[in-house]
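Working through the structure, step by step
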Amino acid sequence: MEEGNNIPELKSLRIGGSFKSTLSGRTTPRSSPSFRKSHSGRTPRREGRGSASGVQWFRSNRLLFWLLLITLWAYLGFFVQSRWAHDNDKDKDNFLVSGNKPKNWNSETEGNPRRDLNAAEVSTAVKNGTDANQVRDDKRIDVVLAKKDNGVSSHRKLNSKRKKTKKGGKVRGKQKTTAEVKSLEIEEEEPEIPRTNASYGMLIGPFGSLEDRILDWSPEKRSGTCDRKGDFARLVWSRRFVLIFHELSMTGAPLSMMELATELLSCGATVSAVALSKKGGLMPELARRRIKMLDDKADLSFKTAMKADLVIAGSAVCASWIDKYIDHFPAGASQVAWWIMENRREYFDRAKVVLNRVKMLVFISESQTKQWLNWSEEEKIKLRSQPALVPLSINDELAFVAGIASTLNTPSSGTEKMMGKRQLLRDSVRQEIGLKDNDMLVISLSSINPGKGQLLLLESANLLTEKEPSQDNSKIKNPVDKGRNLSLAKKRRLRALFRRSNATGTFGIDAHSRKKLDDKGMPDQSLKILIGSVGSKSNKVLYVKELLRFLSEHSNFSKSVLWTPATTRVAALYAAADVYVINSQGLGETFGRVTIEAMAFGLPVLGTDAGGTKEIVEHNVTGLLHSTGRPGAPLLAENLRFLLKNPLARKQMGMKGREKVEGMYLKRHMYKKFVDVLVKCMKTK
């Protein structure tokens, strides 16, 4: 009976579904008067009214709704792309970015703190083992000239040894580990590298802090410098690029590639960089500019390049990477632009296997273009397209400090005001160096190796200072050369060449120019030579020792020679200088980025009559040329003597050189030519 009585109640509950339960178990239907009275204060429901109005609004505003949806979708896509481009997640091993690092941050020391500490111990150990005859000065500055590698391999070996030690047994103290690190680090160093400031005589600079204080500006304040209205910006915006660095030294090719990456990022492109060698000191600067460096130069770089709109390789040394990339992804050959900046046969031999496979070759001077085309014709290599010519340019920072109009100028820092600050910077640097007003500072900034001709420059300056020629230059009496490397026959040949150059004026100053530019009654001036870059990992250690040996044998002349470490902050050096020398040997400098930088600061240039230098420097107009090799040494000495005695000639040549830079070698000139390369390489994308 109980079960039968419960069934109707459950059935009625399911059908009505609106009974109100009470504590007594009784229920009240909604239609009853008591239910209506107890619920009379509630707001009546408007069922169906809200949904109907929403549908009606959607039907009447469908166009607006879709426009809003498309806008949100486009914004979301841009946001995702931007996050992918600038993601600085520390856990990702694929990229290296700067984040909010301190100014002195170094990527290698951050990733390997233990290695940095151990390296300091090794440095101390090496110092203690050096020759006892070294000058022990509390203020001496240690300068490491070169390393074979960046130390990554030794660190990995050390980690593997640690893992084996953990598996095999306990480590007894820290002495064994420290000894292993020391031995590995010492093996990386080339033996007997000159390390102290006492080895060089006088090491000056860099002057980055002085520049910041006087100019009231620093690279950290730099914002986007892209010309948004230009063709270059319209072509690269939202595009993806992969840039291949052959190394990270502070030399022409890596610096030019870094400037290109900076400009691409400023114009809204996505840039990933690959370094085939971590050799050099550009990593902190790349990180400061937020240029992503792929940690892997194989599979990861290939996958990234496959997704890119264009791959730009910045050296002939990149041939090995290009060859492997094309083998991995054959269609990728049509998206490679090869910006070659070398002009020696060994580089051509390294690159010739893939010259005819890439989309386009880009050269930086006419002489280089002709040379590579001749070599290609000899090897019967048929290129896919006609090579492009894109000369280098000075960057915005140097143009800004030099007083040339650039994208960094503001109403409060115009060109006239910057010219005044540049003069103040010049006076401050020269005062800090200890130069007098009548001293002529000659600088030559590059890696130190035989191809740059620093030893020939010192020999030429020594000829000038040890036995300065008379005013008529008709006779030279007993020029002294105590160099151990010069035989008696070579000394006589140098003297004969020096006399002949004075008699014929070959690559010297013609008689008309001498009469026109000669300054009479000027106070005697002394010659100072500044050579950089000490510490560059592209330096040849044996050649550096040869220079130091030459100076040690000419003690009086060595007092006139200054040295400066490798740095990207060179504006102060250009501002303080009076003459620039680019003494590249062999086929000469491919282009000479430092040449146009010096000309931008109003410096006359003394260069070899070869390669790109003779395309930039107009003889007797913007500078003076001399022949390559040892025959050019006395001619260079004669040109130095003339500029030393004629400040007015220096000033006039410097003004002409500055005018040429303003008309041909500013950033806008280079990227205007780069537009043609981008159009041809990306038109099929």
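Okay, so let's go over this structure. (Residues numbered from 1 in each chain as written. Predicted model: local features only at pLDDT ≥ 70, side-chain atom pairs only at ≥ 80, totals over all residues. Heavy atoms only, no water.)

1. Observations regarding the overall build of the protein chain
Just so we agree on the cut-off: Helix and strand assignments come from DSSP, with helices taken as H or I runs of at least 4 residues and strands as E runs of at least 2, each series counted from the N terminus. When accessible area is computed with a 1.4 Å probe and restricted to protein chains, residues below 20% of their type maximum are described as buried, those above 50% as exposed, and intermediate ones as partly exposed. Here a residue-residue contact requires only that any non-hydrogen atoms of the pair lie within 4.5 Å. All accessible-area figures derive from a Shrake-Rupley calculation using a 1.4 Å probe, and residue coverage is judged against the displayed protein chains alone.
Within the protein chain, the secondary structure is distributed over 29 helices and 15 strands. Counting only residues that meet the buried cut, the protein chain has 48% of its 685 residues in that class. Contacts spanning at least 24 positions in sequence make up 76% of the contacts within the protein chain whose residues lie at least 6 apart. Surface accessibility of the protein chain: about 36500 Å² in total, with carbon and sulfur atoms responsible for 52%.

2. Concerning the nonpolar core
We apply this condition: In plain words, nonpolar cores are sets of buried Ala, Val, Leu, Ile, Met, Phe, Trp, Tyr and Cys residues tied together by side-chain atoms within 4.5 Å. Residue ranges assigned to each domain were obtained from an automatic or database domain assignment.
In this structure, Phe232, Phe241, Leu243, Trp339, Tyr574 and Phe674 are the most contacted members of the largest nonpolar core, which totals 93 residues. Two domains share this core, each providing at least three of its residues, namely domain 1 (230-393 + 674-682) and domain 2 (398-466 + 525-665). Apart from the residues within four sequence positions on either side, phenylalanine 674 is in contact with Phe232, Leu260, Ile312, Trp339 and Val390.

3. A word on a nonpolar patch on the surface
For clarity, the threshold we go by: Like charges within 9 Å and nonpolar side chains (Val, Leu, Ile, Met, Phe, Trp, Tyr) within 5 Å are joined into patches, using only residues over 30% in relative accessible area that form no salt bridge. Criterion for a salt bridge: a side-chain nitrogen of Lys or Arg within 4 Å of a carboxyl oxygen of Asp or Glu.
The grouping of Trp73, Tyr75, Leu76 and Phe79 at the surface amounts to a nonpolar patch, some 520 Å² of accessible area in total. Counting through the fold element by element, tryptophan 73 comes out in helix H4 (residues 62-86). The class for tryptophan 73 is exposed, based on a relative accessible area of 66%.

4. What about the environment of arginine 228?
We apply this condition: N or O atoms within 3.5 Å of each other form a polar contact, as long as, within protein, one can give a hydrogen and the other can take it, and as long as residues adjacent in sequence are counted only when both atoms are side-chain atoms.
Within the secondary structure, arginine 228 is located in the loop between helix H9 (208-215) and helix H10 (231-236). Residue arginine 228 is classed as exposed on the basis of its relative accessible area, which comes to 53%. A sequence separation of 39 residues divides arginine 228 from cysteine 267, and the C-alpha atoms of the two residues are 6.8 Å apart. Apart from the residues lying within four places of it in its own chain, the contact partners of arginine 228 are Ala233, Ser266, Cys267 and Gly268. In terms of polar contacts, arginine 228 uses its side chain to reach the backbone carbonyl oxygen of serine 266, at 2.8 Å.

5. Considering the pattern of salt bridges
All chains considered together, the criterion is met by 25 salt bridges. Here glutamate 263 makes a salt bridge to lysine 667, at a shortest N to O gap of 3.2 Å. Separated by 404 residues along the polypeptide, glutamate 263 in helix H11 (residues 252-266) and lysine 667 in helix H29 (residues 667-682) bring together distant segments of the chain. A single burial state applies to glutamate 263 and to lysine 667, both of which are buried. Across the pair lysine 352 and aspartate 349 runs a salt bridge, and its minimum N-O distance is 4.0 Å.

6. Quick look at helix H13 (residues 299-307)
Looking at H13, one finds that the buried residues are Leu300, Ser301, Phe302, Thr304 and Ala305. Looking at the buried side of H13, the elements it contacts are strand S3 (240-245), strand S4 (270-275), strand S5 (292-294), strand S6 (310-313) and helix H14 (319-328).

7. A closer look at the sheet that holds strand S8 (residues 360-363)
For clarity, the cut-off: By the convention used here, strands pair only if DSSP detects at least 2 bridges between them.
Pairing in this open sheet of 7 strands is parallel, and the strands run S5-S4-S3-S6-S7-S8-S9 from one edge to the other. Every interior strand has two partners, whereas the edge strands, S5 and strand S9 (388-389), have only one. Summarising the sheet, S6 and strand S7 (residues 336-339) pair through 3 bridges and their orientation is parallel. Opposite isoleucine 312, over in S7, you have alanine 337 as the bridge partner.

8. Describing the packing of aromatic side chains
Inclusion rule: Note on aromatic contacts: the rings of Phe and Tyr and the six-membered ring of Trp form a pair at centre separations within 6.5 Å, being stacked when their planes are under 30 degrees apart, edge-to-face when over 60 apart, and tilted otherwise.
Summed over all chains, the structure comprises 14 aromatic pairs. With a centroid separation of 4.7 Å and an interplanar angle of 45°, the aromatic rings of phenylalanine 232 and tyrosine 671 are classed as tilted. Here the residue phenylalanine 232 occupies a position in helix H10, and tyrosine 671 occupies one in helix H29, the gap between them amounting to 439 residues. Each member of the pair, phenylalanine 232 together with tyrosine 671, is buried. With 6.2 Å between their ring centres and 45° between their planes, tyrosine 574 and tyrosine 580 make a pair best called tilted. The exposure class of tyrosine 574 is buried, given its relative accessible area of 1%. Classification of tyrosine 580 by relative accessible area gives buried; the value is 1%.

9. Looking at the state of the cysteines
Defined as follows: Note that a disulfide, as used here, is simply two cysteine sulfur atoms within 2.5 Å.
Throughout the structure, instances matching the rule amount to 1 disulfide. Disulfide pairing places cysteine 226 opposite cysteine 267 at an S-S distance of 2.0 Å. Linking cysteine 226 and cysteine 267, the disulfide has an S-S dihedral of approximately 105° and is accordingly described as right-handed. Of the two residues, cysteine 226 is situated in the loop between H9 and H10 and cysteine 267 in the loop between H11 and S4; the sequence distance between them amounts to 41 residues. Both residues of the pair, cysteine 226 and cysteine 267, count as buried.

10. Digging into the layout of surface pockets
Heads up, the condition is: The rule is simple: put a 1 Å grid over the protein atoms alone, call a set of points where a 1.4 Å probe fits but cannot get out a cavity, call an open set with protein on both sides within 12 Å along at least five of seven lines a pocket, and count a residue as lining if it has an atom within 4 Å of a point. Grid points are joined across faces, edges and corners, and a volume is the space filled by probe spheres set on the points.
Approximately 580 Å³ is the volume attributed to the second largest pocket. Lining the second largest pocket are 24 residues; nearest its centre among them are Arg422, Gln423, Arg426, Ala577 and Asp578. Listing elements by their share of the lining of the second largest pocket, those giving two or more residues are helix H18 (415-433), helix H24 (571-576) and helix H28 (647-664). The dominant element in the lining of the second largest pocket, judged by the number of residues it contributes, is H28, at 6 residues.

11. Some points on empty space enclosed by the protein
Selection rule: In this classification, Asp, Glu, Lys and Arg are treated as charged, Ala, Val, Leu, Ile, Met, Phe, Trp, Tyr, Cys and Pro as nonpolar, and every other residue, Gly included, as polar.
Under the criterion given, the structure shown has 6 cavities of 30 Å³ or more. Considering only enclosed or pocket space, the largest cavity measures out at about 110 Å³ in volume. Contributing to the lining of the largest cavity are 13 residues, with Glu259, Ser393, Asn395, Met670 and Tyr671 lying nearest its centre. Among the secondary structure elements, those contributing two or more residues to the lining of the largest cavity are H11 and H29. For the lining of the largest cavity, the residue count by class is 4 nonpolar, 3 polar and 6 charged.

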